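A closer look at the structure
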Amino acid sequence: MKSDTLYKTFIYTALPCEAKPLIEFFRLKKDTTIQCFAVYANNHICLTVTGIGKNAMSAGIAYTQALFASSNSVMLNIGIAGHKEHPVGSVFLIAKITDNDSGRRYYPPLAFTPPCPTQCLQTVAKPQLTYHPSHLCDMEASAFYETATRFSSGELIQCLKIVSDNELSPALNIQPKQVSALICTQLPTIESILMELTKLAESLTTPELTEFDQLISQYRFTVNEQIQLKKLLARLQLIKGKNWVGIAATSAKTGKEFLNLLNQQLNEAEFYL
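The shown structure was predicted, so the numbers you read here are calculated from the model rather than taken from an experiment.

What follows deals with unusual backbone geometry. In the Ramachandran plot, Arg27 falls in the positive-phi region, its phi being about 55 degrees despite a non-glycine side chain. If you trace the backbone, Arg27 turns up in the loop between α1 (16-25) and β2 (29-30). You can call Arg27 exposed: its relative accessible area is 71%.

With that out of the way, let us pick up the packing of α1 against helix α5 (residues 187-203). At a minimum axis distance of 11 Å, the contact between α1 and α5 shows a crossing angle of 70 degrees. Here α5 runs roughly perpendicular to α1, going by the angle between their axes. Relative to α5, α1 is oriented so that their crossing is right-handed. Along its contact with α1, which presents Pro21, Leu22 and Phe25, the element α5 presents Leu187, Ile190 and Glu191. Here the contact of α1 with α5 is composed, by residue class, of 5 nonpolar, no polar and 1 charged.

Bringing the confidence of the model for the protein chain into the picture now. Mean pLDDT over the protein chain works out to 88, with 89% of the residues at or above the 70 mark. α1 holds the highest mean pLDDT among the elements of the protein chain, 98, whereas helix α7 (residues 223-240) holds the lowest, 74.

The subject of this paragraph is helix α3 (residues 141-148). The element α3 is largely enclosed, with a buried count of 7 among its 8 residues. Taken together, the buried positions of α3 are Ala141, Ser142, Ala143, Phe144, Tyr145, Thr147 and Ala148.

If you add up the space inside the largest pocket, you get close to 960 Å³. What lines the largest pocket is a set of 33 residues, and nearest its centre among them are Pro109, Tyr145, Gly154, Arg235 and Asn267. With 7 residues, the top contributor of residues to the lining of the largest pocket is α7. Split by residue class, the lining of the largest pocket holds 17 nonpolar, 11 polar and 5 charged. Considered as a void within the structure, the second largest pocket measures approximately 490 Å³ in volume. What lines the second largest pocket is a set of 24 residues, among which Ile80, Met139, Asp165, Ala171 and Ile174 lie closest to the centre. Those elements that place two or more of their residues in the lining of the second largest pocket are α1, β5 (69-82), β9 (136-138), β10 (157-165) and α4 (176-185). By residue number, the principal contributor to the lining of the second largest pocket is β5, which donates 3 residues. Partitioning the lining of the second largest pocket into residue classes produces 16 nonpolar, 4 polar and 4 charged.

Criteria and cut-off values
Residues numbered from 1 in each chain as written. Predicted model: local features only at pLDDT ≥ 70, side-chain atom pairs only at ≥ 80, totals over all residues. Heavy atoms only, no water. Helix = DSSP H or I, 4+ residues; strand = E, 2+ residues; numbered from the N terminus. Buried < 20%, exposed > 50% of the residue type's maximum accessible area, 1.4 Å probe, protein only. Axes fitted to C-alpha atoms, helices over the stretch in contact; angles between N-to-C directions. Parallel < 35°, antiparallel > 145°, perpendicular 65-115°, else oblique. Left-handed = near helix turned anticlockwise from the far one by under 90°. Contact = heavy atoms within 4.5 Å. Nonpolar A, V, L, I, M, F, W, Y, C, P; charged D, E, K, R; others polar. pLDDT = per-residue confidence, 0-100. 1 Å grid on protein atoms, 1.4 Å probe; cavity = no way out; pocket = protein on both sides within 12 Å on 5 of 7 lines; lining within 4 Å. Points joined across faces, edges and corners; volume = space filled by probe spheres on them.

Written out as structure tokens, the structure is:
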């Protein structure tokens, strides 16, 4: 049953020690009515501790979104990751996620200037004893992004990872208090990212544009396809700005074909700040 309470910002962590500094900083209180996951919230933010691994992360997102989701929700995965050489405590926004099991790749669209460097990340099913030569490594990000995009727009979904281990300080040495301390040092960065994502969410309103009316008169869309069309137009408006002029002509012959082409163009588009 869906809750009467709706949130605009969702934070997902795998571990309680990752969540602890965030709970304190944002003054979140535990929702004691929920037993499946540890969920903490204030008037605006909902934080869920999902547990370790892809399945746990997917389940945590699906459960809380079913209960609390509103339109154009901000969704941020915060957690630790390993890297071969980056110093412990380094923080990165993730530009590319590769699932080590399936080979699938995800590219979270970055529509604002990040307050920290970006990095590629590989998600694995089991803890790794050796490090990827260049990528960060975690156990949840691919599942987070793939599941989250079912509920919100890609520009509003981001992963922030803090380096917890490297070849000089291996994962076996990690302690919960150390993890909490690492998250704590990056609270200003986390707050800055959430502020930027919130601004984006506020600008990403469902567009009532002449293009929408024009397209539904030109092509036959089902009700579900019209919803998809509005979402894609909203993404287009966000990327090109409020003063963008029209949609480029395509060779599409049906509404479904038009949606596929527009989605492909958006996914392939490069965004320059």
